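Per-entry structural report
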Amino acid sequence: MEDREMEKALNRQRVALQHLLPTSSFSSSSPLGTQNSATLSDSVCTAGNSAGYQKEISFGEDVVIVAAYRTAICKSNRGGFKDTLPDDLLAAVLKAVIEKTNLNTSEVGDIVVGTVSAPGSQRATECRMAAFYASFPAETVPIRTINRKCSSGLQAVADVAASIKAGFYDIGIGAGLESMTINKMNSVTKVNPKVKIFTQARDCLLPNGITSENVAQRYGVTREEQDMAAVESHRRAAAATASGKFKDEIVPVSTKIVDPKCGVEKLVRVSVDDGIRPNPKMTDLAKLKPSFRKDGSTTAGNSSQVSDGAAAVLLMKRSVAMQKGLPILGVFRSFSVVGVDPAVMGIGPAFAIPAAVKSAGLNLDGVDLFEVNEEPVVLQLYCMR
């Protein structure tokens with residue numbers, strides 16, 4: 001009797017292990033419950049905790065980035081995309097992903113688009129329209145939007161990576177879209193009176209400019225430091241543009257620009273970021289007045305512009321990418337989101353980066369490059385410290 005119960009227990013473990021171990025470990029012709037029975041042991045059952053085991057069986061399961069394209073990033077209201085509809089911007093990068101990778105659109109499990117300024121239902125509809133412009137089939141490929149403010153595009157990529165890891169699908173696209181010409185930054189129209197009691201709830205209503213001033217004041221980041229960082233940022237961007245480093249990632253967009261004075265339309269092809277200052281000088285930035293507080297340090301010169309543009313990242317399981325012969329540009333290792341005091345909300349990366357690095361099994365000294373949002377530059381300076 002005991003022998004029969006033991007055999008049943010072992011058989012249940014074999015069934016469970018068949019789902020855990022690599023597919024290649026089992027012959028398709030072997031009957032269920034007979035594979036590798038000689039190796040069944042406690043060490044096998046706990047092998048998921050072994051780093052070596054994880055590397056051995058999960059290599060092909062890695063989530064990898066195989067393509068990433070964007071439009072140029074243009075100034076809102078007066079830049080190259082001021083008269084371009086947001087769905088046309090997204091369609092351009094989605095189409096580029098298809099054409100440049102020879103992607104079978106019916107294999108895409110989901111498209112997730114990070115977007116902030118537009119009303120949710122409106123932007124979701126526009127994104128669905130963009131997918132059709134780019135030739136994604138209505139019958140098989142869904143699309144949705146997500147809003148996590150400034151990190152919405154990153155969150156879209158993370159959501160796709162998580163779904164691939166979970167086995168929901170093997171191929172997905174994480175994207176980002178913003179048309180701040182059309183969709184202005186708006187505040188809450190009807191404020192709950194409870195904010196008078198809950199300080200942090202009230203601070204959620206603070207605009208970015210004020211929270212950046214709070215960071216500068218609270219943590220001692222000077223105007224001169226911010227201006228110096230802004231000059232260096234523009235210098236690097238201008239040098240990268242001049243040397244062609246952005247050429248392969250930017251998708252040229254044929255569109256129109258309307259002359260605001262006479263209404264005449266002009267056809268243009270936009271392929272270069274138009275917000276980079278090629279020769280920034282400290283003396284010029286020093287002349288600019290603070291934008292949010294009379295005694296503040298955040299100016300138009302050391303802040304990010306309001307912009308129009310779109311981007312898309314194609315992710316898939318490594319084994320699928322290898323089958324298709326696509327280049328592995330990067331591996332999605334880890335992701336972390338943290339909450340911080342809304343009065344200084346831009347300091348999130350200072351806490352999220354160490355958590356993400358730790359989750360990847362690394363330490364900060366083992367990372368060669370950090371890329372931190374400059375919105376505005378004071379936030380980047382604090383996070384770097």
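Residues numbered from 1 in each chain as written. Predicted model: local features only at pLDDT ≥ 70, side-chain atom pairs only at ≥ 80, totals over all residues. Heavy atoms only, no water.

The name given to the chain in an unreviewed UniProt entry is 3-ketoacyl CoA thiolase 1, peroxisomal isoform X3, and the organism recorded there is Ziziphus jujuba.

Overview of the overall build of the chain
Short version of the rule: Numbering of helices and strands runs from the N terminus, with a helix taken as a DSSP run of H or I at least four residues long and a strand as a DSSP run of E at least two residues long. Note on contacts: a residue pair qualifies if any of its non-hydrogen atoms lie within 4.5 Å across the two residues. In this description, accessible areas are obtained by the Shrake-Rupley approach with a 1.4 Å probe, and a residue is regarded as covered only by the protein chains that are shown.
Along the chain, the regular secondary structure elements total 13 helices and 9 strands. Long-range pairs, those at least 24 residues apart, make up 76% of the contacts in the chain with a sequence separation of at least 6. Only carbon and sulfur atoms are counted for the fraction: they give 55% of the accessible area of the chain, which is about 22,300 Å².

Structural notes on the pattern of salt bridges
Basically, it comes down to this: Counted as salt bridges are all cases of a side-chain nitrogen of Lys or Arg within 4 Å of a carboxyl oxygen of Asp or Glu. For every residue, the accessible area (1.4 Å probe, protein chains only) is compared with the maximum for its type, and the residue is labelled buried under 20%, exposed over 50%, or partly exposed between those bounds.
Across all of its chains, the model carries 18 salt bridges by this definition. Ionic pairing is found between K317 and E61, a salt bridge with its closest N-O pair at 3.5 Å. Highlighted residues: K317 in strand β8 (residues 307-317) and E61 in the loop between α3 (51-58) and β1 (63-70), separated in sequence by 256 residues. Note that D273 is salt-bridged to R70, the shortest N-O span being 2.8 Å. Placement of the pair is D273 in the loop between β7 (265-270) and α10 (282-286) and R70 in strand β1, with a sequence separation of 203 residues. On the basis of relative accessible area, R70 is assigned to the buried category, the value being 14%. A cluster of three or more residues bridged by salt bridges with shared partners is formed by E61, D170 and K317.

Regarding the environment of K266
Relative to the helices and strands, K266 is located in strand β7. By relative accessible area, K266 is classed as exposed at 57%. The sequence separation of K266 and T255 amounts to 11 residues, and the corresponding C-alpha distance is 8.5 Å.

A few points about the nonpolar core
Note the cut-off: To qualify as a nonpolar core, a set must consist of buried Ala, Val, Leu, Ile, Met, Phe, Trp, Tyr and Cys residues joined through side-chain atoms within 4.5 Å.
By size, the foremost hydrophobic cluster in this structure holds 43 residues, and its most contacted members are L90, I111, F136, I173, L314 and M316. Within the residue set of this core, elements represented by two or more residues are β1, α4 (86-101), β3 (110-114), α5 (120-133), β5 (171-179), β7, β8 and α11 (318-324). The biggest single contributor to this core is α4, with 9 residues. Setting aside residues no more than four positions away along its own chain, L314 makes contact with V64, I65, V66, A67, V97, T101, L103, I171, G172 and I173.

Describing the side chain of D203
With respect to the helices and strands, D203 occurs in helix α7 (residues 199-203). Residues within four places of D203 in sequence aside, it is in contact with D341, P342 and A343.

Structural notes on helix α8 (residues 208-219)
Applicable threshold: The length a helix should cover is 1.5 Å for every residue beyond the first.
In a regular helix each residue adds 1.5 Å, so 12 residues correspond to 16 Å; α8 covers 16 Å between its end C-alpha atoms and thus fits that length. On its buried side, α8 packs onto α9 (223-242) and α13 (377-384). Immediately beyond the C-terminal end of α8, within one or two residues, lies G220, with a positive phi of roughly 70 degrees.

Overview of the packing of α9 against α13
Worth spelling out the cut-off: All axes here are fitted lines through C-alpha atoms, helices being fitted over the stretch that makes contact, and every angle between N-to-C directions spans 0 to 180 degrees. Here roughly perpendicular refers to angles of 65 to 115 degrees, roughly parallel to angles under 35, roughly antiparallel to angles over 145, and oblique to all remaining angles. Ten residue types, Ala, Val, Leu, Ile, Met, Phe, Trp, Tyr, Cys and Pro, are classed as nonpolar, four, Asp, Glu, Lys and Arg, as charged, and the remainder, Gly among them, as polar.
It is at 9 Å that the axes of α9 and α13 come closest, and there the two elements cross at 100 degrees. Our classification of the angle between α9 and α13 gives roughly perpendicular. Along its contact with α9, which presents E225, Q226, A229 and A230, the element α13 presents V377, V378 and L381. Its residues assigned to classes, the contact of α9 with α13 shows 5 nonpolar, 1 polar and 1 charged.

As for the pairing of β5
Condition: For two strands to be treated as a pair, DSSP must find at least two bridges joining them.
Summarising burial for β5: 9 of the 9 residues are buried, a large majority. The side-chain alternation of β5 yields two buried faces, one formed by I171, I173, A175, L177 and S179 and the other by G172, G174, G176 and E178. Bridging between β3 and β5 involves 5 bridges; their strand directions are parallel. Within β5, the position partnered with D110 by the bridge is G172. In this structure, β5 lies alongside β8, joined through 9 bridges in antiparallel fashion.

Brief notes about the packing of aromatic side chains
In this description, an aromatic ring pair is defined by two values, namely the gap between the centres and the angle between the planes. Rules: Stacked, tilted and edge-to-face pairs are distinguished by plane angle, under 30 degrees for stacked and over 60 for edge-to-face with tilted covering the rest, among Phe, Tyr and Trp rings (Trp via its six-membered ring) whose centres lie within 6.5 Å. The criterion is that NZ of a Lys, or CZ of an Arg, lies within 6 Å of the ring centre and within 35 degrees of the ring normal, and then a charge sits over that ring.
All told, the structure shown has 2 aromatic pairs when counted by the stated rule. The lysine or arginine in question, R70, covers the ring of F246, its NZ or CZ lying 5.2 Å from the ring centre.

Re a nonpolar patch on the surface
To be explicit about the condition: Think of a patch as exposed residues, more than 30% relative accessible area, with no salt bridge, where like charges cluster within 9 Å and nonpolar side chains (Val, Leu, Ile, Met, Phe, Trp, Tyr) cluster within 5 Å.
Side chains of F59, M322 and I328 sit close together on the surface and give an oily, nonpolar patch of about 290 Å² of accessible area. The topology assignment puts M322 in helix α11. For M322, a relative accessible area of 52% corresponds to the exposed category.

Focus: α4
Its 16 residues give α4 an end-to-end C-alpha distance of 23 Å, which sits within 8% of 22 Å, the value for a rise of 1.5 Å per residue. Extensive coverage of α4 is indicated by the burial of 12 of its 16 residues. N102 sits one or two residues past α4 and shows a positive phi near 55 degrees.

Focus: the packing of α4 against α5
Stated formally: Here a crossing is called left-handed whenever its near helix is offset anticlockwise from the far helix by less than a right angle, and right-handed whenever the offset is clockwise.
In the contact formed by α4 and α5, the axes pass within 8 Å of each other and the chain directions differ by 45 degrees. In this view, α4 runs oblique relative to α5, as classed from their interaxial angle. Taken as a pair, α4 and α5 cross one another with a handedness that is right-handed. The segment α4 lies against α5, with P86, D87, D88, L90, A91 and L94 engaging R123, E126, C127, M129, A130, A131 and Y133.

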